[in-house]
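Survey of secondary and tertiary structure
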Amino acid sequence: LLGLGHVGSAIAALALARPAALERTVSITCALVRDPGARVRQPGVPLTTNPRDVFEGGPEVIVEVIGGLDPARSLVLEALDRRIPVVTANKSLLARHGNELLTAARQAGVPLRYEASVIAGVPFLDTLARRPLASSLSSLSGILNGTSNYILSEMERGSDYRAALAEAQRRGFAEPDPSKDVEGIDALEKLTILLRQFTASDVSPDAIEVTGITRVSREDLVHARELGGVIKPVVHASWSGHEIDAFAGPAWVPRTHPLASLSGPTNGMRLCDGAGTALCFTGPGAGPRVTAITVLDDVIEATRGGWAPSPATGRARVSAPATRWLVRARGREPRPDVTSFGDRLASCGVGIERVSVGDACGRGTAWLLTHPCSRDRVEAAASTLAAAAGCDAFVLRTLEP
Ligand code: HSE
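To start, this report covers the structure provided alongside it. Note that the structure is a prediction, hence the values are computed from the model and not measured. (Residues numbered from 1 in each chain as written. Predicted model: local features only at pLDDT ≥ 70, side-chain atom pairs only at ≥ 80, totals over all residues. Heavy atoms only, no water.)

1. Details of the overall build of the protein
- Scanning the protein from N- to C-terminus turns up 13 helices and 18 strands.
- What you see for the protein is a C-alpha radius of gyration of 23 Å, in line with the 21 Å of a compact globule of 401 residues.
- Viewed in the frame of its principal axes, the protein has a C-alpha envelope of about 70 × 45 × 35 Å.
- Taken over 401 residues, the protein has a buried fraction of 54%.
- Long-range pairs, those at least 24 residues apart, make up 73% of the contacts in the protein with a sequence separation of at least 6. (Helix = DSSP H or I, 4+ residues; strand = E, 2+ residues; numbered from the N terminus. Rg over C-alpha atoms; globule rule 2.2 N^0.38 Å. Buried < 20%, exposed > 50% of the residue type's maximum accessible area, 1.4 Å probe, protein only. Contact = heavy atoms within 4.5 Å.)

As structure tokens, this is what we get:
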């Protein structure tokens, strides 16, 4: 075991408890820690600060749960070089160096498995990858960050942003640096992993548009409902070969969409093929215990020597899609001049479909749902509106059905 933080400790505790659900007993030969004195010791788990003790202790599988890029990357490469199968739940590592690591695993002839890295409590990657259906998929939409979904759900119930984030941290959903959750980076990294798997493309997370939930207000959530939807922290991608349209960020989702009803820390994903077949997976995506169960399940799979994820076969070309947008325009007056807001957006080529009116911070505000257009176009129109009407304008994508 490389790392004995929240997830590593949960793995050690679960392995020691020998749950009946696991078909094999898993014993931890050794756990690599940075500072043995600073950690809560797990009874029966020998600790070391020297990676060599882990590699040379004869493990059948190495589990990497250190997190971050270094030294995780070099330790995983060393394990693979020693022909030891690796299981990891490290999203950043897989998003940034996944293809290099999968190539090393392929060359070594051992598996690198990462089922717990995306929707940790729902083992769907392996199941799907073994099916011919996986190669006919052409789009996915998902809620992949439990912390952001929990925060927006709590804000809808009247809680404030900071209190909801503190509770997500207390319950163990949030990343050690929670800005990765609320700025959309965690979801972006998971989307990158999924795209590599489903499109066989090497995708750089830096090529994908990402926004966070920090600018979404309680008023936005209320008026999103008036417009027949709900604001959710989503990822979306559609593809043909290595050409991919994708984004990660909060979006207005029509009430009828399967993701609209997922609240709290629940994660979910909808995968579609070109012929109208849709598959949905929902379940817990975060927390040490659910992650530990899936990691141990993956450890057992790794010892079987069956299917294992493959490296990408080509490089992705990524664009941001044209979608409808929710524009929040907050004026100076107590009542918003909706007609003038709509006219100004229309004069920039952005048509309006529906409007909800209210106030935000005591200022007349309109929430305008647009026709589909590119981000460049809606942002240019929002800037024109802000300059001409003296309002501040904020734009949010929508997730199309
Ligand atoms: N911070 C992540 C989340 C943990 O909130 O979903 C699981 O990857």
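From this point, things continue past the structure.
2. Examining the state of the cysteines
- Scanning the entire structure with this criterion turns up zero disulfides.
- Looking at C373, it has no disulfide partner, and the nearest cysteine sulfur is the one in C348, 10 Å off. (Disulfide = S-S within 2.5 Å.)

3. As for the site of the ligand
- If you check the shell around the ligand, you find 13 residues, and the closest are G146, T147, F173, E175 and D181.
- One of the backbone nitrogen or oxygen atoms of F173 is found 2.7 Å away from a nitrogen atom of the ligand.
- Within the contact set of the ligand, a nitrogen atom lies 2.7 Å away from a side-chain nitrogen or oxygen of D181.
- Here the ligand has 260 Å² of accessible area as a free molecule, and 93% of this is covered by the chains.
- Those elements that place two or more of their residues in the shell around the ligand are α6 (146-156) and α9 (185-199).
- Of the residues that constitute the shell around the ligand, the class distribution is four nonpolar, four polar and five charged. (Near = heavy atom within 4 Å. Polar contact = N/O pair within 3.5 Å; in protein donor to acceptor, adjacent residues only side chain to side chain. Areas by Shrake-Rupley, 256 points an atom, 1.4 Å probe, with all protein chains shown as cover. Nonpolar A, V, L, I, M, F, W, Y, C, P; charged D, E, K, R; others polar.)

4. Digging into the packing of helix α12 (residues 338-347) against helix α13 (residues 375-389)
- Following both chains from N to C, one finds α12 and α13 inclined at 135°, their axes separated by 9 Å at the closest point. By the criterion of interaxial angle, the relationship of α12 to α13 is oblique. Here the hand of the crossing between α12 and α13 comes out right-handed. Where α12 approaches α13, its residues F341, R344 and L345 are matched on the opposing element by A381, A382, L385, A388 and A389. (Axes fitted to C-alpha atoms, helices over the stretch in contact; angles between N-to-C directions. Parallel < 35°, antiparallel > 145°, perpendicular 65-115°, else oblique. Left-handed = near helix turned anticlockwise from the far one by under 90°.)

5. Thoughts on the pattern of salt bridges
- In this structure the tally under the stated criterion is 28 salt bridges.
- Here E175 ties to K91 by a salt bridge, and the two come within 2.7 Å at their closest N and O atoms. Here the residue E175 occupies a position in the loop between α7 (161-170) and α8 (179-182), and K91 occupies one in helix α4 (residues 91-108), the gap between them amounting to 84 residues. In terms of burial, E175 and K91 fall into one category: buried.
- Two residues, E156 and R225, come together in a salt bridge whose shortest N-O distance is 2.9 Å. Of this pair, E156 sits in helix α6 while R225 is found in helix α10 (residues 218-226), placing the two residues 69 residues apart along the sequence.
- Taken together, the salt bridges that share partners define one network made up of R52, E56, E78 and R82. (Salt bridge = Lys/Arg side-chain N within 4 Å of Asp/Glu carboxyl O.)

6. Digging into unusual backbone geometry
- For the bond running from D70 to P71, omega is 15°, close enough to zero to count as cis.
- Looking at the secondary structure, you find P71 in the loop between β3 (62-64) and α3 (72-81).
- Backbone geometry places R83, a non-glycine residue, at a positive phi of 60°.
- Looking at where R83 falls in the secondary structure, it is placed in the loop between α3 and β4 (86-88).
- We note that A200 has phi near 55°; this positive angle belongs to a residue other than glycine.

7. Notes on the packing of α4 against α9
- At a closest axis distance of 7 Å, the pairing of α4 and α9 adopts a crossing angle of 25°. The pairing of α4 with α9 is recorded here as roughly parallel in orientation. Touching K91, S92, L94, A95, G98, N99 and L102 of α4 are D186, E189, K190, T192, I193 and R196, all from α9.
- For the contact of α4 with α9, a count of residues per class yields four nonpolar, four polar and five charged.

8. A look at helix α11 (residues 288-304)
- The terminal C-alpha atoms of α11, which comprises 17 residues, lie 25 Å apart, in line with the 24 Å expected from a rise of 1.5 Å per residue.
- Listed in full, the buried residues belonging to α11 are T291, A292, T294, V295, L296, D298, V299, I300 and A302.
- As for α11, its buried residues are in contact with α1 (6-17), β3, β4 and β5 (112-113).
- Trailing α11 by a residue or two, G305 shows a phi angle of about 70°, which is positive. (Expected span 1.5 Å × (residues − 1).)

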